[in-house]
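# Notes for the structure review
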Amino acid sequence: MKQRLILSSAAISVFSSLIAYFALADSDIYAQGARPSGPAAKQTASVIKAEDRSVKFAAAAFENRRLRRSLQWPFGAKTQTGWNVYVPLISYAIGTDSDPDSAEFALAVSKWQQKSGLDGTGVLDQATLESFTKYWQSRRLGRGTLAATDTLLAAPIGDFFDSTRSPDLLQLEAETYAAYKRMIAAAAKDLQLKLSGSGVLAANEKFLKIISAYRSPAYQESLRKKEPNAGRAALATNSPHSTGHALDIYVGGEPVKTEDSNRLLQVQTPAYKWLVKNADRFGFYPYFYEPWHWEYVPGK
Ligand SMILES: [Zn+2]
C-alpha cells in the first residue's frame, strides 16, 4: 500500500515536471520574439477584430431593444418616449431591412453615426435620434410661401378619403397633384390597391387617398378656433398646407391622430412602408412625426 503511494506520487512529480517543461518551452517561443507573423497572423487579428465588433454590436443591439421603447427625448413641447414609431424611416435612412434589435441594425446605425460626426457606437441614443430628425426636417418645404391661387386646381372627390368632403376643400397645387397621381399609379401596382376605370382609387379603397390638401389661411384659422387643443403642427398659422404642396394621405388607423398607439399602427401598414421607400422618387418627403403628412419638394 505504502509502495503504491510512493509510486503514484513519483508519477505525479514526473507529470508536473513535464507540464513545467512544455510551459517553459512554450513561453520560450514568445520570449525569443518568434511570434507568428505573415498572412495567418493577420487573419487571426482580423478574426479577433471581427469578434470584438460583433460583441460590440450585439451589446448595442441589446441597448437599442430597450431604448426604442423607452428613450426619453423632447419634441414639440412634449417629452417623447422611444423611437419605435420611426423604425421604418430610420431603416430607410441607414439602408437596412434588418430587425431593429439586431446587431446588423446596430452596425448600420454606427455607419450613420460616423457620417454624422457622432461616435459610432451603434446605440440609437438621443443625439443619434436628433441627427435623424434634423435630416428629415431638412428635406421639408421650409418656411412656405402661400400658394398663388392660379397654381391651384380642384381634384376629383374620388381622390379623397372623405367622400362627403366640402367642394371648396379639394384644392391643391397642380404639380403636386400630378406627382401624387404618378405615385398612386405606382403604389396601386405594388400594393395591389383597387382602382376605378379612370385611374382614381376605387370608392372602397381608403389607403393613400387624400385626407387634406390645400388649406387657405382663413380655413386654417377656423380649424384653430374649432379645436384649440389639437396638434400644434396640424393647426399652425403658417401651415405647410397653405403652400398647396402638402398632402395628408391615409395610411391606416385614425387618419390624423398623433397618439403613439395610433402612429405605431400606421407605420406598420404596407401603404406607409411603401411610402417610406418610394415617395422620394416622386418628390414627396415625410414629416416624420405625422405618418400621414407628406410634402412635395422636388429636387430635395
Ligand atoms: Zn398635414
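Residues numbered from 1 in each chain as written. Predicted model: local features only at pLDDT ≥ 70, side-chain atom pairs only at ≥ 80, totals over all residues.

### Focus on the overall build of the chain
Keep this limit in mind: Numbered from the N terminus, helices here are DSSP runs of H or I no shorter than four residues, and strands are runs of E no shorter than two. In this scheme the burial state of a residue depends on its C-beta neighbours within 10 Å: 20 or more other such atoms mean buried, 12 or fewer mean exposed, and anything in between means partly exposed; the C-beta positions come from the backbone. This entry defines residue contacts through backbone-placed C-beta atoms, with two residues in contact when those atoms are within 7 Å.
In terms of helices and strands, the chain carries nine helices and eight strands. Evaluated residue by residue, the chain yields a buried proportion of 28% over its 300 residues. For the chain, contacts bridging at least 24 residues in sequence account for 60% of all contacts bridging at least 6.

### Re the environment of arginine 281
Mapped onto the elements, arginine 281 comes out in the loop between α9 (270–278) and β7 (284–286). Arginine 281 sits 102 residues away from alanine 179 along the chain, and the two C-alpha atoms are 9.7 Å apart.

### Points about the environment of alanine 188
Relative to the helices and strands, alanine 188 is located in helix α6 (residues 174–191). Alanine 188 has contacts with Leu193 and Leu195, leaving out every residue within four places of it along the chain.

### Let's talk about the sheet that holds strand β6 (residues 246–249)
Stated formally: Strand pairing requires that DSSP identify at least two bridges connecting the strands. A fitted line through C-alpha atoms represents every axis, and for helices the fit uses only the stretch in contact; the resulting angles, taken between N-to-C directions, go from 0 to 180 degrees.
Strand order in the open sheet formed by four strands is β5-β6-β8-β7, with antiparallel pairing between adjacent strands. Of all strands in the sheet, those with a lone pairing partner are β5 (210–212) and β7, marking the two edges. Across this sheet, the average inter-strand angle for adjacent strands is 45°, counted without regard to direction. Across three bridges, the pairing between β7 and strand β8 (residues 293–296) is antiparallel. Following the sheet pairing, proline 286 is matched in β8 by tryptophan 294.

### Quick word on the packing of α6 against α9
Stated precisely, the cut-off is as follows: To sort the angles, those under 35 degrees are grouped as roughly parallel, those over 145 as roughly antiparallel, those from 65 to 115 as roughly perpendicular, and the leftovers as oblique. In this scheme, a crossing is called left-handed if the near helix is turned counterclockwise away from the far one by less than a right angle; it is called right-handed if the turn is clockwise. Amino acids are sorted into nonpolar (Ala, Val, Leu, Ile, Met, Phe, Trp, Tyr, Cys and Pro), charged (Asp, Glu, Lys and Arg) and polar (every other residue, Gly among them).
One can describe the packing of α6 onto α9 by two numbers: an axis separation of 11 Å at closest approach and a directional angle of 125°. When the axis of α6 is compared with that of α9, the two are oblique. When you trace α6 past α9, the crossing you get is right-handed. When α6 is examined against α9, the residues Ala186, Ala187, Asp190 and Leu191 are found in contact with a partner set consisting of Pro270, Ala271, Trp274 and Asn278. Among the residues forming the contact of α6 with α9, the class breakdown is six nonpolar, one polar and one charged.

### Here we look at helix α3 (residues 87–94)
Turning to α3, its buried residues are Leu89, Ile90 and Ser91. Among the structural elements, α5 (126–138), α9 and β7 are those in contact with the buried residues of α3. Two residues or fewer after α3 comes glycine 95, characterised by a positive phi angle close to 70°.

### Focus on the confidence of the model for the chain
When pLDDT drops low, the exact placement of atoms in the prediction is not to be read closely. Going by this rule: Confidence scores here are pLDDT values: one per residue, from the predictor, ranging 0 to 100.
Mean pLDDT over the chain works out to 85, with 82% of the residues at or above the 70 mark. When the criterion is pLDDT under 50, residues 5–35 qualifies, and its contacts beyond four places in sequence or with other chains add up to two contacts.

### Points about the nonpolar core
Rules: We define a nonpolar core as a collection of buried residues of the types Ala, Val, Leu, Ile, Met, Phe, Trp, Tyr and Cys that are connected via C-beta atoms lying within 7 Å of each other. Boundaries of every domain are those given by an automatic assignment or by a domain database.
Judged by nonpolar contacts, the single largest core of 53 residues is most densely connected at Ala106, Met183, Leu208, Leu247, Ile249 and Phe284. Each of domain 1 (59–138) and domain 2 (149–296) contributes no fewer than three residues to this core. Sequence-distant contacts of isoleucine 249, defined by excluding residues within four places in its chain, comprise Leu208, Ile210, Ile211, Trp292 and Trp294.

### Observations regarding the pairing of strand β1 (residues 72–75)
Of the strand pairs in this sheet, β1 and strand β2 (residues 78–81) are connected by four bridges, and their pairing is antiparallel. By the bridge assignment for β2, glutamine 72 is matched with threonine 81. Following β1, the chain reverses through two residues before pairing antiparallel with β2; glycine 76 in that reversal takes a positive phi of roughly 60°.

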